[in-house]
Amino acid sequence: MTFVATAENLPSSAEFHLTHLQQLEAESIYIFREVVAEFDNPVLLYSIGKDSSVLLHLAKKAFYPGKIPFPLLHVDTTWKFREMIQFRDRIAKEYGLDLKVYTNEEYRHEVTPFTHDSKTYTDIMKTEALKQALELYEFDAAFGGARRDEERSRAKERIFSVRDSKHQWDPKNQRPELWQLFNSNIRSNEEVRIFPLSNWTELDIWHYIHQQNIDIVPLYFSKPRPVVKRNNTWIMVDDDRMELETGETPTNKEVRFRTLGCYPLSGAIESTASTVPEIIQEILQTGYSERQGRLIDHGTTAAMEKMRKEGYF
Amino acid sequence: MPTSITEENQINRPTKDYMISDRELISTDIEKYLSRHEEKQILKFLTCGSVDDGKSTLIGRLLHDTNTVYTDHLEAIARDTKRIGKDDDELDLSLLVDGLQAEREQGITIDVAYRYFSTSERKFIIADCPGHQQYTRNMATGASNCDLAVILIDAQQGVQTQTKHHTYVTHLLGIRHLVIAINKMDLVDYEQEQFEAIKSEFQSYLDSLGNPDVQFIPLSAKKGDNVVARSMNMDWYTGPTILSYLHSFPVTQIRDFESFRMVIQRVNHPHDNFRGYSGTLASGTIQKGQSIRVMPSGIETKIERIVTMDGDLEQAFAPMSVTITLEDELDASRGDVLIDLEHPLQPKSELNANLVWMDDDALNMDRKYIVKHGASQVLAKVDKLYHQVHIEDLSRKKMHSLQKNDIGVCKLILDRPICCDTYSRNRMLGGFILIDRLSNRTVAAGMINSSEEGEMLGELTNTSSKISSSKTFPVDRHASRPPITRPLPKQIATG
């Protein structure tokens, strides 16, 4: 008869106890290994943000003592914060990563956060660019750092999320996903987006960064930065491409970023949090979600669901 | 974060604020909070109910009353409540969880959604499962990784066929702990008689399922009674609230720490001096130096090292993800299973299993499907359909085909043997999926039994004759009964 542990008969339960972070870590490592075993050409979509940093750390753990057996892809809109790019290049060098950077060159100068609305800009410089890069390198599986707690339609997405030949997501026709048995069988023109952080929350991510001492972009920590107020949020003047409106003068404010993206579209928050515990304290005390600072989510109610059906991450 | 929206919510304010000790620590000693938070364990549970049982409202209530909801999300659902044309005097908490556009507009849950919240005691993952019978497949999906199920019953409607369906599917997927949440008590004037009537009606069905561990709780998700806060309206109920039950439920109950099983996911061979076998322990523990067996070859060897990036371990236990090196050089590869010497595992090429059919196309017995089990894919045919269980009274009936959402006991013949356990013994080595070779769709979920009788259902078949369908389940009872209170307002009808 199988020994079944119960509260009563398990004197060593403390010994066989994984904390929630250890459990999440073990799950994510399992997912990384499955993908590498079952796909021909996986890639890690590296956005340089905190979730990507955690993803990278878990990938290292999954394949230790070997190296990460797949490349990283950064879809560069050319409008990322300068500190993000410096961080990206430093991390790639330090860990000897195979980093591929892709930009939608055709529209690089024509479509910017200043010439077009955020929807058009995101479609062309992020979603389109991502599709082009996936096709160029013929990747069949792409790891992403999305979490189910981020936003309502994400909560329904599978860990292995199949995209058709046009990279589109069909939320009504997802494969059932049972136990830890992931169905990785696809047609040659399809791809799968893989979300090893599905079950992590924002707090788990920060807690893990703290516990594991994971390197993140300094923009997450508060310090005086030149900003202007737009759409009720602080926008950082990161370089001289920022078009100032009449009467706008950048002022130095103690700010930090809760999520990172293209600098003209990333809202900063006023904050004094300059360490990871202080950030966690701030998140727990503020009543607003991290997506609040992202200008691209706003618009129609189902904006994110729609973007993802069309191939956005 | 806001704790209440309407006056009504004020009445049922949490009597014990599960966040309060956390909140104090957060402002005074964040490091201490973090080290305490780290000790929390995860409890995964699913929620299921019939259409309009108020499931999404219950989850919305759990999230809302544990202060998990962000202000901007609350603002968004306040806008949605108006946009969809519902009454704006009360926030529709179900909108917090109905994620897809179609769901919000049709007021139904289509797909399983995952929700996260934590209290000062635990971290919770909810698999929020659709209620319609045609979404059985999604319910099975949600149940596959859960330890506990919360099944909703509408106090006005009583036990429905779907209630039995949900209970049966969670049972089949190996869940042995149930909360039967009798919701909408506010619409039956919080009457104890109604609660007791439903409870005794359902008890006999549960008895015939081998009497799983069950807690009945009367509640109103809409008003907040007995979800987080103890109800002021039901003095007659002295049991736990939903949240206090979820706190007291022992998380470690379902793990087997005796028989060691680890499926090799991948051979980690970065250079000539290192060959490790990576995997996640499905059950049991291992020590450095312990003798183990590699299946299916049966070769015995010893564990040389347990490798992780944080350093070698002396021992490991389920569900850790590790890389193991072995003392002997041998030809082990992905799909092989490492086991201890005391608990053998026989390779099998004939499987008796419960199949939950999930695809639009019915089972084709002339066709081979891919069985994905552990880290192996093997071609297989369904050779025999033994029987189907009639969910209403748990009697057996003859089965000629398997259609979408049907559940049947079958025999499969595999092209090559796999190393499996029975599902009741080990979910990771006892569960499999069937994949269609042409469409690549996941067409079925399988749970391996030890015999064609279906061991998990053995208990059912022995006792099923006890159930008299006419006495225990009066089919038209609710149809003939006048509504107890006002009809269900549309805005809270959202399941």
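Residues numbered from 1 in each chain as written. Chains lettered and ligands numbered in written order. Predicted model: local features only at pLDDT ≥ 70, side-chain atom pairs only at ≥ 80, totals over all residues. Heavy atoms only, no water.

Caption draft 1: Summary view of the overall build of chain B. What chain B contains, in helices and strands, is 14 helices and 22 strands. Each of the 495 residues in chain B was classed as buried or not, and the buried ones make up 63%. A sequence separation of at least 24 residues applies to 71% of the contacts in chain B between residues at least 6 apart. With the model as given, the accessible surface of chain B reaches about 18400 Å², and the carbon-plus-sulfur share is 45%. (Helix = DSSP H or I, 4+ residues; strand = E, 2+ residues; numbered from the N terminus. Buried < 20%, exposed > 50% of the residue type's maximum accessible area, 1.4 Å probe, protein only. Contact = heavy atoms within 4.5 Å. Areas by Shrake-Rupley, 256 points an atom, 1.4 Å probe, with all protein chains shown as cover.)

Caption draft 2: Structural context of the overall build of chain A. If you tally the helices and strands in chain A, you get 7 helices and 10 strands. Burial statistics for chain A: of 313 residues in total, 64% are counted as buried. By sequence separation, contacts in chain A at least 24 residues apart represent 74% of the contacts at least 6 residues apart. Approximately 12100 Å² of chain A is accessible, and the part contributed by carbon and sulfur atoms is 47%.

Caption draft 3: Summary view of helix α8 (residues 161–172) of chain B. Residues and elements named next belong to chain B. The end-to-end C-alpha separation of α8 is 16 Å, in line with the 16 Å expected for 12 residues at 1.5 Å each. Counting buried residues along α8, 11 of its 12 residues qualify, which places the element largely inside the surrounding structure. Every buried residue of α8 is accounted for by Gln162, Thr163, Lys164, His165, His166, Thr167, Tyr168, Val169, Thr170, His171 and Leu172. Of the residues one or two after α8, Gly174 is the one with positive phi, at around 90°. (Expected span 1.5 Å × (residues − 1).)

Caption draft 4: Spatial organisation of the pairing of strand β15 (residues 337–340) of chain B. All names here are of chain B. Neither face of β15 is left uncovered, since the one carrying Val337 and Ile339 and the one carrying Leu338 and Asp340 both have all their residues buried. Where strand β7 (residues 261–263) lies against β15, 3 bridges are found, and the strand directions are antiparallel. Within the sheet, the bridge partner assigned to Met262 lies in β15 and is Leu338. Of the pairings in the sheet, the one linking strand β11 (residues 291–295) to β15 comprises 4 bridges and is antiparallel in character. Counterpart to Val294 in the pairing with β15 is Leu338. (Pairing = 2+ DSSP bridges.)

Caption draft 5: The pattern of salt bridges, seen in detail. All names here are of chain A. Counted under the stated rule, the structure contains 40 salt bridges over all chains. Where Asp149 meets Arg147, a salt bridge forms, and the shortest distance between an N and an O atom there is 2.9 Å. A salt bridge links Glu245 to Arg230; its shortest N-O distance comes to 3.9 Å. Of this pair, Glu245 sits in the loop between β8 (233–236) and β9 (251–257) while Arg230 sits in strand β7 (residues 223–230), and the two are 15 residues apart along the sequence. (Salt bridge = Lys/Arg side-chain N within 4 Å of Asp/Glu carboxyl O.)

Caption draft 6: The arrangement of the nonpolar core in detail. In terms of nonpolar packing, the biggest core is built from 154 residues, with A:Phe32 and B:Leu173 touching the most fellow members. Counting residues per element, this core draws most heavily on helix α1 (residues 20–38) of chain A, which supplies 8 residues. Formed jointly, this core draws a minimum of three residues from each of two domains, domain 1 (18–248) and domain 3 (347–453) of chain B. Excluding residues that lie within four positions of it along the chain, A:Phe32 makes contacts with A:Leu44, A:Leu55, A:Leu58, A:Ala59, A:Ala62, A:Phe63, A:Phe70, A:Phe143 and A:Pro196. (Core = buried A, V, L, I, M, F, W, Y, C linked by side-chain atoms within 4.5 Å. Domains from an automatic or database assignment.)

Caption draft 7: The arrangement of unusual backbone geometry in detail. Cis geometry is adopted by the peptide bond preceding A:Pro65, which originates at A:Tyr64 and carries an omega value of 0°. The omega torsion of the bond from B:Ala318 to B:Pro319 falls at 0°, within 30 degrees of zero and hence cis. Structurally, B:Pro319 is set in the loop between β13 (315–317) and β14 (321–326). Non-glycine residue A:Ile48 carries a positive phi angle of around 75°. In this structure, A:Ile48 sits in the loop between β1 (42–45) and α2 (50–63). The phi torsion at A:Glu138 lies on the positive side, around 55°, for a residue other than glycine.

Caption draft 8: Expanded view of the domain arrangement of chain B. All names here are of chain B. Domain assignment breaks chain B into domain 1 (18–248), domain 2 (266–340) and domain 3 (347–453). If you average the C-alpha positions of domain 2 and of domain 3, the two centres end up 30 Å apart. Between domain 2 and domain 3, the contact holds 7 residues from the first and 8 residues from the second. With both sides pooled, the region where domain 2 packs onto domain 3 buries about 650 Å², and carbon together with sulfur makes up 70% of that total. For domain 2, the biggest contributors to the area lost against domain 3 are Ala282, Arg334 and Val337; these three give 51% of the whole. Counting across the domain 2 and domain 3 interface gives 0 salt bridges. Where domain 2 meets domain 3, there are 1 residue pair in polar contact (both at pLDDT 80 or more). In the side of domain 2 that touches domain 3, the residues fall into 4 nonpolar, 2 polar and 1 charged. (Buried area = accessible area lost by both parts, 1.4 Å probe. Polar contact = N/O pair within 3.5 Å; in protein donor to acceptor, adjacent residues only side chain to side chain. Nonpolar A, V, L, I, M, F, W, Y, C, P; charged D, E, K, R; others polar.)

Caption draft 9: A look at the side chain of B:Thr285. Tracing the backbone through its elements, the reader meets B:Thr285 in strand β10 (residues 285–287). Discounting chain neighbours no more than four positions away, the residues touching B:Thr285 are A:Phe16, B:Phe257, B:Phe260, B:Gln290, B:Ala316 and B:Phe317.

Caption draft 10: The arrangement of the packing of α1(A) against α2(A) in detail. Residues and elements named next belong to chain A. Between α1 and α2, the least distance of the axes is 9 Å, while the angle of their chain directions is 70°. Viewed along their axes, α1 and α2 adopt a mutual orientation that is roughly perpendicular. Residues Glu25, Ser28, Ile29, Phe32, Arg33 and Val36 of α1 touch α2, and the partners they reach there are Leu55, Leu58, Ala59, Lys61, Ala62 and Phe63. Considering only residue class, the contact of α1 with α2 consists of 8 nonpolar, 1 polar and 3 charged. (Axes fitted to C-alpha atoms, helices over the stretch in contact; angles between N-to-C directions. Parallel < 35°, antiparallel > 145°, perpendicular 65-115°, else oblique.)

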